[in-house]
Amino acid sequence: MYLALYRTWRPQRFDEVVGQQAVVRTLKNALRANRLAHAYLFAGPRGTGKTSLAKILAKAVNCEHSVDGEPCNSCAACIGITQGSIVDVVEMDAASNRGVDEVRSVLEQVRYAPTAVRYKVYIIDEVHMLTTEAFNALLKTLEEPPAECLFLLATTDVIKVPATIASRCQRFDLSRVASDLVVARLREVVKSLNKDVEDAALWMIARVTDGGMRDALSLLDQLLSYEDGRVNVESVAEIIGGIHSERVGRLIGALLRGEPSLFLAELSELWELGVDASQLLGELVSYVRDAIHLALGVEGADASTRVHYDPTFPVVVQQTDGGTLLRMLEALALAQSEIRHQAQARVYFEVVLLSLLPEATVESTATVQGSEVRGAPSVEEGEVVRLKEEIRALHARVAALEQASLRRTGVSDRGISSPAGASPKMRAAPPVSSSSPEMRARGESQSNGGDRFSAELRDNAVEASYTVYATPPESAVSDAGGEGDLALLKRIQADWNQILDAVREIRVQTRAWLADGRPEELVGNTIYGRYAHALHASHVMKQVNLDLIEDVLAKRYQRKLRYVAISEDEWRKRLPKAEEANDAPPPSSRETWVEKVVEWFGEDAVKIVDE
Ligand SMILES: [Zn+2]
C-alpha cells in the first residue's frame, strides 16, 4: 500500500521537526528536568507541526528508554502510540468530534489511572472548534487536572480559544517554516526516493505552500505521481494552475521598458492558454510586491525565495526603482479590488496595465541601474529619485494650474505649458484646488495613512491636472446656464451610451475609463461627470482622453464643450471657500519613497542595506 509522503516523512523525534527550534528546545528541557505542565496549547498555521509535536511529546513522556528527552521509537509504548493502539493516548479532532456528549464521555475517563503507559495523554486538534458546552467540560478538567494526565491542544485559530482555557495552558506559537528549511527537507525526500526534481521546482513548492511543511510534502507527492520525467518549475505551475514567474516578469519588464507591443504579445499568449484575468492580476501584485522587497533588500522574504525559482526576477528588478514599483503596486492593488465588478475583465486588465506604461520611457527606466542586485539604492540615490519626482510633479502642477485658469477665463488652453504663457491677470484668479489648507486638513483627519499616501501619489505623480479639476461645480445648472443648458444636459445624459460607442470606435481604452461615470452637471460649457472610482476619473482627465471625448461631443452637438471627470469622493466634499483657496498652499511635506514603503508594509518589513 502506498503511504503518502507527509505520513512517511512525519517527524518521529523532536530533532526531526523542521523549523521550530525554540519550541523543541523548551519541551526537551522540561522533559529532562521532569517539569512538564499539565496542558500545552500549540498554535500556528496548518502543516507547521502542531500535532506531530504533540505525538512526539506523548511518546517522550511514556517512552521506556527515553534518552535526553527524545522518544526511542522502538519500545512498546512508542510503537503503540505511533500506531494509535494505546487506549491511554486519545486523539480527538474537534472539527469532527464537536458534540458535547463525546467530549464529556472522553473526559469522564480522565479520573481513571492509565492502564498501559505512565501518562494519559489527550490530544485535541483544532480545539477552537469545540462547542461552548464542550469547552466548559474541558475547563472543569483543566481547573483540577488529575495527576499523570497531559492535555495537548492544537489550533490554527488561537483567537477563538476561550481565554479561560488558554490561560491554563503553556502556549507555544509555531511559525511558518522558512523556505530554505522546507527546501532542505524536500531535497532530503527527493534524494531518498532517487527522483529527478529540479531544485528551482522545490523553491517554488516552498513558496506556494507558504511555510506549511505538510502541504509542501503533499504537493511534491502529487508532482512525483504526475510527472514521469524530470519535475521542473513548469510542472509545478501546471499542477497548481499557476503562472510561471518568468512569464509574469516578461509582462512587467515590457511595461517598465515601455514596450506595449511586446507586452500585448505576451498577454495574448496567456489569454490563449485560458489564464483568468483576475488571477493574473493577483500574480502581478505578488511579483511587484516581491520586487519592492528585493529592491529594498528585505531579509528572509518571499522575494529571496522567488530568486531561486526565477533567475530573471533580479534582472527585471534592476531595470527600475522603488518609487516606480510602488506606483505600479498601488494601481494594481486598486485594480484587483475592482476587476471582479468588471464585465469585460480582460479588456479592463489591458487598460489598467497599458496605463502603467511610462509616459517618457527613457526617463523613468533604469534609475538605479548598476546598483547591486540584492542591495537597496543608498539614501543618496533615494534622495535623487525623490527630488526628480518632486520636480516632475511641480512641472505638471504649474502647467495644470495655468490650464485651469485659462479654462476659467474661456481662453483656449491647448499647447500652453510654460509659466510665461500665463498673464498676471490670470494668475490673480487661481482655480479652486484640493490642495488648499482646508482640504488638506480634512484629508488628514478623515483618512488613514494608506489613503493619504494614495491620494498624495495621485496628486503629485500620476495626474496633476486631476487635482486641480477635482472639485464639483459650485452652482447648479439652472443658476449658471438657464433652461437651454439644462435641456442640453438632459440630451447628453440620454445620448450617453451612444457617446460611449462613438468613443469606443476611436479608442477602446478611453471608453473603458469614461464608462465608469455619467454626466451630472453642466456649467457654462463644461460638463461635469461623476465617477465611482478615482482611478477612472484620473485617467479620463489625461489629455489624450479629454481631446477625444471633447471632439466627439463637439461633432455631436455642434458646440465646443469641455469635459471634467470628478470622483465620487471629491464630489461629496463640497468646495472650500474661494478666499481660502487663494491662500498659498502649505509647503510640501512629501517623504522619501523609502518612508512610504515603511508606511505601506510596516516598520518591520523594511531594512535598508547600505552598500
Ligand atoms: Zn520508546
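Residues numbered from 1 in each chain as written. Predicted model: local features only at pLDDT ≥ 70, side-chain atom pairs only at ≥ 80, totals over all residues. Heavy atoms only, no water.

As recorded by an unreviewed UniProt entry, the protein chain carries the name DNA-directed DNA polymerase and is attributed to Ferroacidibacillus organovorans. Comment text from UniProt for the protein chain, heading Catalytic activity (unreviewed entry), reads "DNA(n) + a 2'-deoxyribonucleoside 5'-triphosphate = DNA(n+1) + diphosphate". Under the heading Sequence similarities (unreviewed entry), UniProt records this for the protein chain: "Belongs to the DnaX/STICHEL family." (UniProt positions renumbered as here; feature names shortened; annotations may be inferred.)

Helices and strands together make up the secondary structure of the protein chain, namely 31 helices and 8 strands. Buried positions account for 49% of the 611 residues belonging to the protein chain. Nonlocal contacts in the protein chain, meaning residues at least 24 apart in sequence, comprise 74% of its contacts between residues at least 6 apart. Total accessible area computed for the protein chain in this model is approximately 29000 Å², and 50% of it derives from carbon and sulfur atoms. (Helix = DSSP H or I, 4+ residues; strand = E, 2+ residues; numbered from the N terminus. Buried < 20%, exposed > 50% of the residue type's maximum accessible area, 1.4 Å probe, protein only. Contact = heavy atoms within 4.5 Å. Areas by Shrake-Rupley, 256 points an atom, 1.4 Å probe, with all protein chains shown as cover.)

With mixed pairing, the 3 strands of this open sheet are ordered in space as β6-β7-β8. Both edges of this open sheet fall to β6 (517–523) and β8 (562–567), since each of them pairs with a single strand only. For this sheet, the mean inter-axis angle between neighbouring strands, taken without regard to orientation, is 30°. Note: β6 against strand β7 (residues 526–531), 6 bridges, orientation antiparallel. Of the residues in β7, the one forming a bridge with leucine 522 is isoleucine 527. (Pairing = 2+ DSSP bridges. Axes fitted to C-alpha atoms, helices over the stretch in contact; angles between N-to-C directions.)

This part takes up helix α2 (residues 21–32). Between its first and last C-alpha atoms α2 spans 16 Å; for 12 residues at 1.5 Å apiece the expected length is 16 Å, and the two agree. Of all the residues in α2, the buried ones are Val23, Val24, Leu27, Lys28, Ala30 and Leu31. Down the axis of α2, the sector holding all buried residues measures 160°, keeping them to one side. After α2 finishes, the residue asparagine 34 shows a positive phi value of roughly 55°. (Expected span 1.5 Å × (residues − 1). Arc of directions from axis to C-beta.)

The next subject is the nonpolar core. Counting residues in each nonpolar core, the largest one holds 76 residues, and the members touching the most others are Phe349, Leu353 and Tyr563. Broken down by element, this core gets its largest block of residues, 12 residues, from helix α14 (residues 277–296). If near-sequence neighbours (up to four positions away) are discounted, phenylalanine 349 is found in contact with Leu267, Trp271, Ala277, Leu280, Leu281, Leu284 and Ile339. Among the nonpolar cores identified, the runner-up in size contains 30 residues, and Val23, Ala54, Ile56 and Ala60 belong to it. (Core = buried A, V, L, I, M, F, W, Y, C linked by side-chain atoms within 4.5 Å.)

Tracing the sequence through the fold places glycine 19 in the loop between α1 (5–8) and α2. Here the alpha-carbon distance between glycine 19 and leucine 181, two residues 162 residues apart in the chain, equals 6.6 Å. Excluding residues that lie within four positions of it along the chain, glycine 19 makes contacts with Ser175, Val177 and Leu181.

Bringing the pattern of salt bridges into the picture now. A side chain with one charge can pair with a side chain of the opposite charge if their charged atoms come near. Overall, the coordinates contain 24 salt bridges when judged by the stated rule. In this structure, the salt-bridge partner of aspartate 199 is arginine 187, at a minimum N-O distance of 2.8 Å. Remark: arginine 187 occurs in helix α8 (residues 179–193) and aspartate 199 occurs in helix α9 (residues 199–208); sequence separation between them is 12 residues. With a relative accessible area of 32%, aspartate 199 lands in the partly exposed category. Between arginine 530 and glutamate 520 there is a salt bridge; the shortest N-O distance is 3.6 Å. Of the two residues, arginine 530 sits in strand β7 while glutamate 520 sits in strand β6, which places them 10 residues apart along the sequence. According to the relative accessible area criterion, arginine 530 is partly exposed, its value standing at 26%. One salt-bridge network, in which partners are shared between bridges, spans Arg13, Asp15, Lys28 and Glu70. (Salt bridge = Lys/Arg side-chain N within 4 Å of Asp/Glu carboxyl O.)

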